[in-house]
Amino acid sequence: KAANKKAAGRFDDDPELMAKEFDAVDDEIDAMVEDEAALDEMWKRIDFNGNGGASLAEIDKAVVEKYPVLNHKPALMRAYKRTTSKVGGGDGDDWVERKEVAALMQNLVFYNKLFAVFEDIDGGDDRRVDFDEFKTSLKRLGMSMGEKEALKEFESADKNGGGILLFDEFCEWFMVKEGMEVGNESTKPKKHRKKKKPPPAAFDDDPELMAKEFDEI
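Residues numbered from 1 in each chain as written. Predicted model: local features only at pLDDT ≥ 70, side-chain atom pairs only at ≥ 80, totals over all residues. Heavy atoms only, no water.

1. Considering the overall build of the chain
And step 1. For the chain, the count of helices and strands is eight helices and zero strands.
And step 2. What you see in the chain, going N to C, is helices and strands ordered as α-α-α-α-α-α-α-α.
And step 3. When the 217 residues of the chain are sorted by exposure, 41% land in the buried category.
And step 4. Long-range contacts, defined here as pairs at least 24 residues apart, represent 61% of the contacts in the chain between residues at least 6 apart.
And step 5. For the chain, the exposed surface amounts to about 13,100 Å²; the carbon and sulfur share of it is 51%. (Helix = DSSP H or I, 4+ residues; strand = E, 2+ residues; numbered from the N terminus. Buried < 20%, exposed > 50% of the residue type's maximum accessible area, 1.4 Å probe, protein only. Contact = heavy atoms within 4.5 Å. Areas by Shrake-Rupley, 256 points an atom, 1.4 Å probe, with all protein chains shown as cover.)

Next comes the structure, spelled out in structure tokens:
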């Protein structure tokens, strides 16, 4: 893949995920999580219909309106799933609640920073990174390692051995390196399928072509 120069100058001198574009929102959200009144205000914006539980669509709407810099759908999805998951401190359901809003806002910043690194090194703009691109990310993440060690890390992150990393794999690898617990945080929304009712029995106990519907005739 060709080198990606689209994000030149995007990052400051601090390699610890400190992309310049997130400096202001990072400070604002750090202050918000220490201020219950500010959290209440943010929650009202997210839960605009007041039903006590926010869906992914409601969170998306609030984020786009309030913090356009955080409007990256892969990061939003990761933040939502992390916040609602038990391993991330949630209660495991499909809704973000008021008690989870502080974690949601912090997760939104965290995953957007990770996505900024991922997007920056993704030379092919296909939301996949190969080993050479992965090596480029190490500096952005404040890491330094030789070729062999880097390859070992890449292979540990590449769960299916496909030779490329998706954003989910990239996130989980980094979180493990940082000592964060990871678990069942699938980023595919759950699909609630209606169970099909079996058709009423048309046949009786006699298998000799004796369908009930023809008994009288």
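Continuing now.
2. Details of the nonpolar core
And step 1. Judged by nonpolar contacts, the single largest core of 51 residues is most densely connected at Ile-46, Ile-59, Leu-70, Met-105, Leu-114, Phe-170 and Trp-173.
And step 2. It is helix 5 (residues 101–121) that contributes the most residues to this core, 13 residues altogether. (Core = buried A, V, L, I, M, F, W, Y, C linked by side-chain atoms within 4.5 Å.)

3. Focus on the packing of helix 1 (residues 23–32) against helix 5
And step 1. Interaxial distance between helix 1 and helix 5 falls to 9 Å at its minimum, and their mutual angle equals 155 degrees. Classed by the angle they form, the pair helix 1 and helix 5 counts as roughly antiparallel. The element helix 1 and its partner helix 5 pack so that their crossing is left-handed. Contacts from Asp-26, Ile-29 and Met-32 in helix 1 reach Met-105, Gln-106, Val-109 and Lys-113 in helix 5.
And step 2. When its residues are assigned to classes, the contact of helix 1 with helix 5 shows four nonpolar, one polar and two charged. (Axes fitted to C-alpha atoms, helices over the stretch in contact; angles between N-to-C directions. Parallel < 35°, antiparallel > 145°, perpendicular 65-115°, else oblique. Left-handed = near helix turned anticlockwise from the far one by under 90°. Nonpolar A, V, L, I, M, F, W, Y, C, P; charged D, E, K, R; others polar.)

4. With respect to a negative patch on the surface
And step 1. Side chains of Asp-27, Asp-30, Glu-34 and Asp-35 sit close together on the surface and give a patch of like negative charge.
And step 2. Among the secondary structure elements, Asp-27 is positioned in helix 1. (Patch = residues over 30% accessible without salt bridge, like charges linked within 9 Å, V, L, I, M, F, W, Y side chains within 5 Å. Salt bridge = Lys/Arg side-chain N within 4 Å of Asp/Glu carboxyl O. Lys, Arg positive; Asp, Glu negative; His and termini not counted. Charge placed at Lys NZ, Arg CZ, Asp CG, Glu CD.)

5. As for unusual backbone geometry
And step 1. Notably, Asp-125 is not glycine yet its phi reads approximately 50 degrees, a positive angle.
And step 2. Checked against the element boundaries, Asp-125 lands in the loop between helix 5 and helix 6 (131–140).
And step 3. Phi at Arg-127 is positive, roughly 60 degrees, even though this residue is not glycine.
And step 4. If you trace the backbone, Arg-127 turns up in the loop between helix 5 and helix 6.
And step 5. Taking the relative accessible area as the measure of exposure, Arg-127 reaches 48% and is therefore partly exposed.

6. What about the side chain of Ser-85?
And step 1. Counting through the fold element by element, Ser-85 comes out in the loop between helix 4 (73–84) and helix 5.
And step 2. Looking at Ser-85, its side chain comes within polar contact range of the main-chain nitrogen of Gly-88, at 3.1 Å. (Polar contact = N/O pair within 3.5 Å; in protein donor to acceptor, adjacent residues only side chain to side chain.)

7. Details of the environment of Asp-94
And step 1. With respect to the secondary-structure elements, Asp-94 resides in the loop between helix 4 and helix 5.
And step 2. By relative accessible area, which is 19% here, Asp-94 ends up buried.
And step 3. Each C-alpha atom of the pair Asp-94 and Tyr-80 lies 9.0 Å from the other, and the pair is 14 residues apart in sequence.

8. Some details on the pattern of salt bridges
And step 1. As enumerated under the stated definition, the model contains 15 salt bridges in all.
And step 2. For Glu-65, the salt bridge is made with Lys-61, and the minimal N-O distance between the two is 2.8 Å. Of the two residues, Glu-65 and Lys-61 are both situated in helix 3 (residues 56–66); the distance of four residues between them amounts to about one turn of the helix.
And step 3. Taking relative accessible area as the criterion, Lys-61 reaches 41% and is therefore assigned partly exposed.
And step 4. The shortest N-O distance in the salt bridge between Asp-120 and Arg-140 comes to 3.1 Å.

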